[in-house]
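Fold and geometry: a report
Chain by chain, the residues:
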Amino acid sequence: MSRLATAFFGAAVLYALAGMVLGMVMGASGDHTFRPLHAHINLLGWATLGLMGAFFGIAGARAPQKLGWTIFGMMNLGNLMLLSMLAILLQGKPPILPILIGGEALVVLSMGLFGASVLMSARRPAAAAADIEPLRRAA
Ligand code: HEM
Ligand code: HEM
């Protein structure tokens with residue numbers, strides 16, 4: 001599996017662990033204030049990053065690697081910005097709007113770039129990808 005796919009899955013597992021622990025705390029305490037935070041840590045973190053990682057794992061060298069790493073960085077930064085502001089919002093405090101909106105923009109832009117990577121991978125001939133695979137592994 002490529003390092004890119006491993007990075008996506010590794011990060012996804014961290015979000016899943018955080019989301020699940022928050023879910024367990026909510027269940028145990030009966031306080032569901034953070035339900036949307038729990039939902040989005042799991043869905044933007046575990047589910048979305050996991051799906052992206054699965055794609056980059058399957059596509060292998062056909063997928064644009066640099067763009068993949070850019071998406072990985074943007075998604076994580078966007079998630080952290082968005083989720084931290086959501087945590088503040090759910091406590092009834094005013095969020096820092098530029099961070100909230102910036103986080104949302106990063107996440108949406110990442111998804112657009114992910115769509116572009118899917119198209120680029122589909123257009124790339126398998127033979128060309130096979131040629132660079134040993135080079136990429138060695139890097
Ligand atoms: C140990 C694992 C988990 C625990 C203990 C847990 C616990 C909970 C609890 C207590 C709620 C609040 C229910 C309510 O207020 O009615 C909830 C809601 C939710 N959870 Fe989890 N959860 C877990 C894993 C997950 C995972 C892996 C996902 C997604 C991939 C997820 C997605 C959601 C969503 C979307 C909601 C909101 C549902 C709604 O709108 O009614 N949860 N969870
Ligand atoms: C930029 C990304 C996203 C933004 C800004 C966003 C925003 C929101 C908002 C404002 C709500 C209503 C929360 C409430 O009523 O308290 C919501 C709920 C929800 N969203 Fe998202 N969302 C995003 C991405 C996603 C993704 C990627 C998924 C699924 C893969 C998802 C699944 C859900 C679910 C299941 C709920 C109901 C959760 C609950 O009842 O607590 N969202 N979202």
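Cut-off values and rules
Residues numbered from 1 in each chain as written. Chains lettered and ligands numbered in written order. Predicted model: local features only at pLDDT ≥ 70, side-chain atom pairs only at ≥ 80, totals over all residues. Helix = DSSP H or I, 4+ residues; strand = E, 2+ residues; numbered from the N terminus. Buried ≥ 20, exposed ≤ 12 C-beta atoms within 10 Å, placed from the backbone. Near = placed C-beta within 6 Å. Nonpolar A, V, L, I, M, F, W, Y, C, P; charged D, E, K, R; others polar. Contact = placed C-beta atoms within 7 Å. Core = buried A, V, L, I, M, F, W, Y, C linked by C-beta atoms within 7 Å. Expected span 1.5 Å × (residues − 1).

A word on the overall build of the protein chain. In terms of helices and strands, the protein chain carries 5 helices and 0 strands. In sequence order, the secondary structure elements of the protein chain are arranged as α-α-α-α-α. By the burial criterion, 27% of the 139 residues in the protein chain qualify as buried.

Our next topic: the site of ligand 1. Around ligand 1 there are 14 residues in total, and M20, G23, H32, A39 and N42 lie nearest to it. Counting only elements with at least two residues in the shell around ligand 1, the list comes to helix 1 (3–29) and helix 2 (35–59). If you tally residues by element for the shell around ligand 1, the top one is helix 2, at 7 residues. Grouping the constituent residues of the shell around ligand 1 by class yields 7 nonpolar, 6 polar and 1 charged.

Attention now goes to the site of ligand 2. Neighbouring ligand 2 are R35, P36, A39, H40, L43, L44, A47, T48, E104, V107 and V108. Breaking the shell around ligand 2 down by element, the ones donating at least two residues are helix 2 and helix 4 (97–123).

Below, the discussion takes up the environment of L90. Relative to the helices and strands, L90 is located in helix 3 (residues 65–90). Separated by 57 residues in the primary sequence, L90 and T33 have C-alpha atoms spaced 6.7 Å apart. Once residues lying within four places of it in the same chain are set aside, the contact partners of L90 are T33, F34, P36 and L37.

Right, let's talk about the nonpolar core for a bit. F8, A12, Y15, L49 and F56 are the most contacted members of the largest nonpolar core, which totals 23 residues. Listed by contribution, the elements that provide at least two residues to this core are helix 1, helix 2, helix 3 and helix 4. Looking at which element gives the most residues to this core, the answer is helix 2, with 8 residues. Other than its neighbours up to four places away in sequence, A12 contacts G45, W46, L49, G50 and G53.

What follows is about helix 4. With 27 residues, helix 4 ought to run about 39 Å at 1.5 Å a step, and its terminal C-alpha atoms sit 39 Å apart, in line with that. Regarding helix 4, the residues found buried are G103, L106, V107, S110, S117 and S121. Contact partners of the buried residues in helix 4: helix 2 and helix 3.

The next thing to look at is helix 3. The terminal C-alpha atoms of helix 3, which comprises 26 residues, lie 37 Å apart, in line with the 38 Å expected from a rise of 1.5 Å per residue. If you check which residues of helix 3 are buried, you get G68, I71, M75, N76, G78, N79, M81, L82, M85 and L86. Packed against the buried residues of helix 3 are helix 1, helix 2 and helix 4. Positive phi shows up at G92, right after helix 3, with a value of about 80°.

With respect to the secondary-structure elements, M111 resides in helix 4. A count of 16 C-beta atoms within 10 Å places M111 in the partly exposed class. A sequence separation of 36 residues divides M111 from M75, and the C-alpha atoms of the two residues are 8.3 Å apart.

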